[in-house]
Every structure is written in C-alpha cells, then in structure tokens.
Amino acid sequence: QVQLVESGGGLVQAGDSLTLSCAASGRTFSDYAMGWFRQAPGKEREFVAASNGIGGGTYYGDSVKGRFTISRNKPRNTVSLQMNSLKPEDTAVYYCAAGRGGIVTTPWEDYVDFWGQGTQVTVSA
C-alpha cells in the first residue's frame, strides 16, 4: 500500500523557517516526480514545489521562489521542503504529492497519482 506521510508542520512567526518532510512507502519512488502543494482556507490548492524523478530539475510556484527549497533523498524515499522567510500568507495545509510521470508537467496537479494527508503550517504576523 502506497503511503505519503508528511511531518514538520507547526506554528511559527513571520520571518521564521520551517522544514517539512514527506516519507513515502509502499514502493520505490526514485523515478517519480515528487513535490508539494498547499491549500489555505477558502482557497484553491496551489502548487508549491516539485522535483523531477528522472534527471534533474526542480520547480517552484511564483509565491515561494527564492524562499523555499525542495530536496530529495531517493534511497530513503523522502522529499523535504525547506521554508525560509515565512509569511502569514504561507499559512495552509501542505500536501506531499507523487506522480508516476518522472518529469514535472504543468499543471502538475493533473499528473499526481498519490497524495499525503497534509500537515498544517500556521505563520503568525
């Protein structure tokens, strides 16, 4: 059974940093594209960051470019999201995602095969 389990969410202040982690199990994900989405209350799900499973390549949503960094540990089936300079507008539930297509194709949400259950990130002003 495939599972994506997020951890690392919490309550922080504006300007702080936080790292989210996602542990994947049930199969090998080294050739999957993996990444993160987020959804704030009353808003649509938003692409945050993703990493190709085949070759290199990382991609970021415009609102997080320069502040967030995605990284993967393929042997351990994990993907992390380092979030710096957090803002109140970063408050959302963050979801880990994996897609069988090895290359991130936009809109990537249409190519995601597996989702985690989400972890809450709250940034206070």
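Residues numbered from 1 in each chain as written. Predicted model: local features only at pLDDT ≥ 70, side-chain atom pairs only at ≥ 80, totals over all residues. Heavy atoms only, no water.

### Observations concerning the pairing of strand 1 (residues 3–7)
How we decide: Categorising residues by exposure relies on relative accessible area from a 1.4 Å probe, with only protein chains included: less than 20% of the type maximum marks a residue as buried, more than 50% marks it as exposed, and the intermediate range marks it as partly exposed. Counting from the N terminus, the helices are the DSSP runs of H or I reaching at least four residues and the strands are the DSSP runs of E reaching at least two. By definition, two strands form a pair when at least two bridges between them are found by DSSP.
Side-chain alternation along strand 1 places Leu-4 and Glu-6 on a buried face and Gln-3, Val-5 and Ser-7 on a face that remains uncovered. Here 5 bridges tie strand 1 to strand 3 (residues 18–25), and the two strands are oriented antiparallel to one another. In the sheet register, Val-5 faces strand 3, and the bridge partner there is Ala-23.

### Some points on the environment of Phe-29
Inclusion rule: Here a residue-residue contact requires only that any non-hydrogen atoms of the pair lie within 4.5 Å.
In this fold, Phe-29 is placed in the loop between strand 3 and strand 4 (33–39). Using a relative accessible area of 0% as the deciding quantity, one classes Phe-29 as buried. The spatial distance from the C-alpha of Phe-29 to the C-alpha of Gly-102 is 9.5 Å, given a sequence separation of 73 residues. Beyond its immediate chain neighbours, meaning those up to four positions away, Phe-29 contacts Val-2, Leu-4, Ala-24, Met-34, Arg-72, Asn-77, Ala-98 and Phe-114.

### Some points on the sheet that holds strand 7 (residues 68–73)
Note the threshold: Interaxial angle, 0 to 180 degrees, is taken between N-to-C directions of lines fitted to C-alpha atoms, where a helix line uses only the stretch in contact.
What the 4 strands build is an open sheet, ordered 1-3-8-7; its pairing is antiparallel. Each edge of the sheet is formed by a strand with only one pairing partner; in this case those strands are strand 1 and strand 7. Pairwise comparison of adjacent strand axes, ignoring direction, gives a mean angle of 15° for this sheet.

### Observations regarding the state of the cysteines
We count it as follows: In what follows, a disulfide is any cysteine sulfur pair within 2.5 Å.
In this structure the tally under the stated criterion is 1 disulfide. Sulfur-sulfur distance for the disulfide between Cys-22 and Cys-96 comes to 2.1 Å. Residues Cys-22 and Cys-96 are joined through a disulfide that is left-handed, its torsion about the S-S bond being -80°. Here the residue Cys-22 occupies a position in strand 3, and Cys-96 occupies one in strand 9 (residues 92–99), the gap between them amounting to 74 residues. Neither Cys-22 nor Cys-96 differs from the other in exposure class; each is buried.

### Here we look at the packing of aromatic side chains
To be explicit about the condition: Ring pairs shown here join Phe, Tyr and Trp side chains whose ring centres sit within 6.5 Å, with only the six-membered ring taken for Trp; geometry is labelled stacked below 30 degrees between planes, edge-to-face above 60, and tilted in between.
The full count for this structure, using the stated rule, is 7 aromatic pairs. Summarising the aromatic geometry, the rings of Tyr-32 and Phe-114 are spaced 6.2 Å apart at their centres and angled 20° between planes, so their arrangement reads as stacked. Of the two residues, Tyr-32 sits in the loop between strand 3 and strand 4 while Phe-114 sits in strand 10 (residues 114–115), which places them 82 residues apart along the sequence. A centroid spacing of 6.5 Å and a plane angle of 80° characterise the contact between Phe-47 and Trp-108, whose relative ring orientation is edge-to-face. Linking Phe-47 in strand 5 (residues 46–51) with Trp-108 in the loop between strand 9 and strand 10, this pair joins segments that are 61 residues apart in sequence. By relative accessible area, Phe-47 is classed as partly exposed at 25%. Ring pairs connect the aromatic residues Phe-37, Phe-47, Trp-108 and Trp-115, which therefore count as one cluster.

### Looking at the environment of Glu-89
Along the chain, Glu-89 falls in the loop between strand 8 (78–83) and strand 9. Residue classification places Glu-89 among the exposed residues on the basis of a relative accessible area of 57%. Note: C-alpha distance between Glu-89 and Ala-40 (49 residues apart in sequence) is 8.6 Å.

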